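Overview (structure and organization)
Listed below, chain by chain, are the residues.
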Amino acid sequence: MEILQQLTFIERGIVAGLIIGLICPLLGAFLLVRRITIITEALSHITLTGITAGVFISQTMTWLAFINPLYTGLIFSLVGSILIEKLRHAYKSFQELAVPIILSSGIGLSAILIGLSSGSTVEWYSYLFGSLVTVSLSDLYFTMATGFIAFIIIFAFYKEWLSISFDQEFAKTSGIKVNRLNFFFSLLIALVISMSMKVVGILLVGAMVTLPVAASIQIAKSFRQVVILGIIFGEVAMIAGILFSYYFNIATGGMVVVTGVVILLLTSLIKRLGLVSSTVA
Amino acid sequence: MTKESQAQPALEIKNLSFSYGKQNVLEDIHFTVPQGSFLGLMGPNGSGKSTLIKCILGLLTPKEGSIKLFGKPIHQFHDWNKIGFVSQKANSFNSGFPATVFEVVSMGLYGKVGLFRFLTKKHKLQVREAIKQVGMEDFIHQNIGQLSGGQQQRVFIARALVSEPELLILDEPTVGVDAKSVQNFYNMLKRLNKERGMTLILVTHDIGAMTEYITDVACLNKCLHFHGNKEEFELQQEDMMSSLYGHDVRVITHNHDHHDHDHTHDHDHDGSGH
Ligand SMILES: Nc1ncnc2c1ncn2[C@@H]1O[C@H](COP(=O)(O)OP(=O)(O)O)[C@@H](O)[C@H]1O
Ligand SMILES: [Mg+2]
């Protein structure tokens, strides 16, 4: 803890970035094979509602001013995640409806709360697009705690989730508690979204979950490779993005995503040129 | 295995009924599958075969009746490793799914290994063994989506076999598989049944091709029209088939050409697997 307090803000950003670069692709790999990466968009917007609510509360109720809006963001994200699962059950044949419903509710509520509170444009800008300079020590603790919990959950359920993603019916017959594990998966998505929020930004967190694995699946032959390459790409995008944004003084999330897109283009190129043989294992 | 557990039937169904909403699909089904037997379950399309299998596997909950697996009522049964399953829809996975043959077969052990744990050396050996058993060892690191229908089917059988089940349930596993592979496949089932004493339930249209392998037959069309051993079945075969399928059906034994849409061949290795 002593060491953490001595970090400069760029070092804090890099520590947070390393955690995000590890966890986001791990989650992304499962979202990808389940074809629900789009859920991250809905959840990031409902997390924005939570953050605006947090800012509003700390402004209007001074005795609650100590609350870091990231925590209210996390609460909204968890609730939103469970609501999405409920909606996906309710609309069994039109599961994708859950995403626009939650997303638009999230934006609508956020707009109202932003209007009511007196945050500066700069402050909102940093929440939307991510910002290195505003990562406080308390934000770093938040990222470390949520990242740690997310990692434990992934470690516990990795192989069960893989089996469920491939063939839910078989997973059930092999004794895996599918419903319970799907619930934990919802919690994980919410955790990871709110964990990445401060550095990457609300509008771009979905990209951080998706881009590294979108790149890795182009050249991976196994799920393991999707995960490992995804983590490598995620870390590279985070670190390069943070350093670029620092030296050129531009939005961190934007730079991270641009780096991610460049990696994606490079992997497509590698695939096109046939540089990876079909027997890589 | 103790004497007592040997005596328990692998499966015992009593008075089972099932409906999707108002539509009755299964009515008053009774039958028993002793350990070591090989049951061929037949019936026309939509007769409720897959529904019955899903009830047996606990994927669907019946409206009435009882199901016992190895002597235990299904809601108290937790020993799912004892049961292997190959679904009718096994091939309908997303063909871009990034998983190798090794990874897919490993999934057969995941329920057994437990949370927070990964496969040990011994588990991995078991996975390789199961892959070898279905003759797919040359494709072990290939992507599952790049294999032919028949090869994929063999991988799914390996996934069901890897946990060394005592009861193996296969729902129309040979649809879309070419004739030669089907023959090899039936021979493999026969070995599992005869040499390892594994109990098998095979859902099939093609009972004629199966008569030399199976020990028992069940005919289903909402109700159970027949259940007995093969010899009894052969005596009443003609009557049975016409009551089940309507009058114009002839039984053609040893005809494997029904499902030969897929012209991939068993030994047609594409050379990229090495
Ligand atoms: N999920 C479902 N919901 C409603 N009806 C179903 C469902 N699955 C099957 N059915 C109906 O139940 C009947 C039996 O289906 P099924 O068990 O798949 O038959 P089989 O496997 O013998 O072809 C059919 O009439 C089918 O339309
Ligand atoms: Mg069926």
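Since we're looking at a predicted model, the values are computed, not measured.

Conventions used here
Per chain, the residues get numbers from 1 upward, laid out in the order the sequence is written. In the order they appear in the text, chains get letters beginning with A and ligands get numbers beginning with 1. Predicted model: local features are reported for residues with pLDDT of at least 70 only, side-chain atom pairs are reported and counted for 80 or more only, and whole-chain, interface and lining totals are derived from all residues. Hydrogens and waters are ignored; side-chain quantities use all the structure's heavy atoms. Only DSSP runs of H or I covering at least 4 residues are called helices, and only runs of E covering at least 2 are called strands; the numbering of each starts at the N terminus. A simple rule labels every residue: compare its accessible area, found with a 1.4 Å probe on the protein chains alone, to the largest value its type can have, and call it buried under 20%, exposed over 50%, or partly exposed in between. Where accessible areas are quoted, they stem from the Shrake-Rupley method and a 1.4 Å probe; at the residue level, only the protein chains shown are allowed to cover. Atoms of type N, O and S within 2.8 Å of a metal are treated as its donors, and for Na, K and Ca the window is 3.2 Å; water is not considered, so some sites may appear to be missing partners. UniProt positions are given in the numbering used here, feature names are shortened, and annotations may be inferred rather than shown by experiment. In what follows, a disulfide is any cysteine sulfur pair within 2.5 Å. Throughout this document, a residue counts as near a molecule or strand when at least one of its heavy atoms sits within 4 Å of that molecule or strand. Identification of polar contacts relies on pairs of N or O atoms within 3.5 Å, with a donor-acceptor requirement for protein atoms, meaning one able to donate a hydrogen and the other able to accept it, and with residues adjacent in sequence counted only if both atoms are side-chain atoms. Side-chain classes are defined by residue name, with Ala, Val, Leu, Ile, Met, Phe, Trp, Tyr, Cys and Pro counting as nonpolar, Asp, Glu, Lys and Arg as charged, and the others, Gly among them, as polar. Picture the helix axis, draw a direction to every C-beta atom, and the arc is the one those directions span. Residues are treated as being in contact if the distance between any of their heavy atoms lies within 4.5 Å. Each residue carries a pLDDT score, the predictor's confidence in it, ranging from 0 to 100. A pair of strands is considered paired only if DSSP assigns at least 2 bridges between the two. Fitted lines through C-alpha atoms give the axes, limited to the stretch in contact for helices. The angle between two N-to-C directions lies from 0 to 180 degrees. Each of two parts loses accessible area, computed with a 1.4 Å probe, when they are put together; buried area is these two losses added. Throughout this description, the term salt bridge denotes a Lys or Arg side-chain nitrogen within 4 Å of a carboxyl oxygen of Asp or Glu. Only the six-membered ring of Trp is used, alongside the rings of Phe and Tyr, when aromatic pairs are assigned; centres must lie within 6.5 Å, and planes under 30 degrees apart are stacked while those over 60 apart are edge-to-face, with the rest tilted. In this analysis the charged atom, NZ for Lys or CZ for Arg, is taken to sit over a ring once it is within 6 Å of the ring centre and within 35 degrees of the ring normal.

1. Focus: the overall build of chain B
The helix and strand tally for chain B stands at eight helices and ten strands. Looking at chain B as a whole, 52% of its 274 residues are labelled buried. When the accessible surface of chain B is totalled, it reaches about 12,600 Å², and 48% of it is carbon and sulfur.

2. A short note on the coordination of the magnesium ion (ligand 2)
Taken together, the protein donors to the magnesium ion (ligand 2) comprise Ser50(B) (OG) and Gln88(B) (OE1), at separations of 2.0 to 2.2 Å. Placement of Ser50(B) in helix H2 (residues 49-56) and of Gln88(B) in the loop between strand E6 (83-86) and helix H3 (101-113) is noted, with a sequence separation of 38 residues between them.

3. Re the UniProt feature "transmembrane region" (unreviewed entry) in chain A
Residue and element names in this part refer to chain A. Under the UniProt annotation, the feature "transmembrane region" (unreviewed entry) is placed at residues 14-33, 38-57, 63-85, 97-120, 140-158, 178-195, 226-244 and 250-270. Split by type, residues 38-57 is 95% helix and 0% strand. Its first and last C-alpha atoms lie 30 Å apart. The annotated region residues 140-158 carries 100% helix and 0% strand content, and the separation between its end C-alpha atoms amounts to 26 Å.

4. Topic: the state of the cysteines
For the structure on display, the rule yields zero disulfides over all chains. The thiol of Cys55(B) is unpaired, and the distance to the nearest cysteine sulfur, on Cys223(B), comes to 14 Å.

5. Brief notes about the site of ligand 1
Residues and elements named next belong to chain B. Close contacts around ligand 1 come from Tyr 20, Gln 23, Val 25, Pro 44, Asn 45, Gly 46, Ser 47, Gly 48, Lys 49, Ser 50 and Thr 51, and that covers them all. The separation between an oxygen atom of ligand 1 and a polar main-chain atom of Ser 47 is 3.2 Å. Separating an oxygen atom of ligand 1 from a backbone N or O atom of Lys 49 is a distance of 2.9 Å. For ligand 1, whose free accessible area comes to 560 Å², the fraction covered by protein is 60%. Broken down by secondary-structure element, the contributors of at least two residues to the shell around ligand 1 are strand E2 (23-33) and H2. Here the shell around ligand 1 gets three residues from one element, more than from any other, and that element is H2. Split into classes, the residues belonging to the shell around ligand 1 amount to three nonpolar, seven polar and one charged.

6. Things to note about helix H6 (residues 121-129) of chain A
Residue and element names in this part refer to chain A. Within H6 the residues assigned to the buried category are Trp 124, Ser 126 and Tyr 127. Down the axis of H6, the buried set is contained in an arc of 155°. They therefore lie on one face. Facing away from the buried side of H6 by more than 90 degrees, the exposed set consists of Thr 121 and Val 122. As for H6, its buried residues are in contact with helix H3 (39-60), helix H4 (69-90), helix H5 (98-116) and helix H9 (178-200). Of the residues one or two after H6, Gly 130 is the one with positive phi, at around 80°.

7. Side note on the confidence of the model for chain B
Residues and elements named next belong to chain B. Averaged over all residues, the pLDDT of chain B equals 84, while 87% of them reach at least 70. Between residues 248-252, whose pLDDT stays under 50, and residues either more than four places distant or in other chains, the model counts three contacts. With pLDDT under 50 throughout, residues 254-274 is counted as low confidence; its partners more than four residues away or in other chains account for 36 contacts. Predicted complex, confidence summary: ipTM 0.91, pTM 0.89.

8. Regarding the sheet that holds strand E7 (residues 167-171) of chain B
Strands in a sheet are paired, the pairing made by backbone hydrogen bonds, and the direction either parallel or antiparallel. Residues and elements named next belong to chain B. The strand order E6-E7-E8-E3-E9-E10 describes an open sheet built from six strands, whose pairing is mixed. One side of each edge strand has no neighbouring strand; the edge strands of this open sheet are E6 and strand E10 (223-229). Each strand axis lies, on average, 15° off the axis of its neighbour in the sheet, ignoring direction. Examined bridge by bridge, strand E3 (residues 38-42) and strand E9 (residues 216-221) share four bridges and lie parallel to one another. Directly across from Met 42, in E9, lies its bridge partner Cys 219. Against the sheet, H2 contacts E3, E6, E7, strand E8 (199-203) and E9, and its axis sits at roughly 135° relative to E3. Against the sheet, helix H6 (residues 179-195) touches E3, E7 and E8, its axis set at about 150° to E8.

9. Things to note about the interface of chain B and chain A
At the junction of the two partners, chain B supplies 34 residues and chain A supplies 31 residues. Buried surface at the junction of chain B and chain A, both sides included, amounts to about 3,000 Å², of which 68% is carbon and sulfur. Summed over the shared surface of chain B and chain A, the result is two salt bridges. For Asp167(A), the salt bridge is made with Arg159(B), and the minimal N-O distance between the two is 3.0 Å. On the surface where chain B and chain A come into contact, there are ten residue pairs in polar contact (both at pLDDT 80 or more). Of all the secondary structure elements, the ones that give two or more residues to the side of chain B that touches chain A are H3 and helix H5 (149-161) of chain B. For the side of chain B that touches chain A, the element with the most residues is H3(B), which contributes seven residues.

10. Topic: the packing of aromatic side chains
Inspection of every chain in the model, using the stated rule, returns 27 aromatic pairs over all chains. Taken together, a centroid distance of 6.2 Å and an interplanar angle of 35° make the contact between Phe166(A) and Phe156(B) tilted. Of this pair, Phe166(A) sits in helix H7 (residues 137-166) while Phe156(B) sits in helix H5, placing the two residues on different chains. Of the two residues, Phe166(A) and Phe156(B), neither departs from the other in class, the shared state being buried. An aromatic cluster is defined as three or more aromatic residues linked by ring pairs; in this entry it consists of Phe30(A), Phe155(A), Phe157(A), Tyr158(A), Trp161(A), Phe183(A), Phe184(A), Phe185(A), Phe223(A), Phe116(B) and Phe118(B). Its guanidinium or amino end placed over the ring of Phe70(B), Lys82(B) lies 4.7 Å from that ring's centre, counting from NZ or CZ.

11. Structural notes on the pattern of salt bridges
If charged atoms from side chains of opposite charge come close, those side chains can pair. Scanning all chains against the criterion turns up eight salt bridges over all chains. For Lys159(A), the salt bridge goes to Glu160(A), with nearest N and O atoms at 3.0 Å. You'll find Lys159(A) and Glu160(A) in the same group, each marked buried. Across the salt bridge formed by Lys49(B) and Glu172(B), the nearest N and O atoms sit 3.9 Å from each other. Taken together, the positions of Lys49(B) in helix H2 and Glu172(B) in the loop between E7 and H6 put the pair 123 residues apart, joining distant regions of the chain. Judged on exposure class, the residue Lys49(B) and its partner Glu172(B) are both buried.

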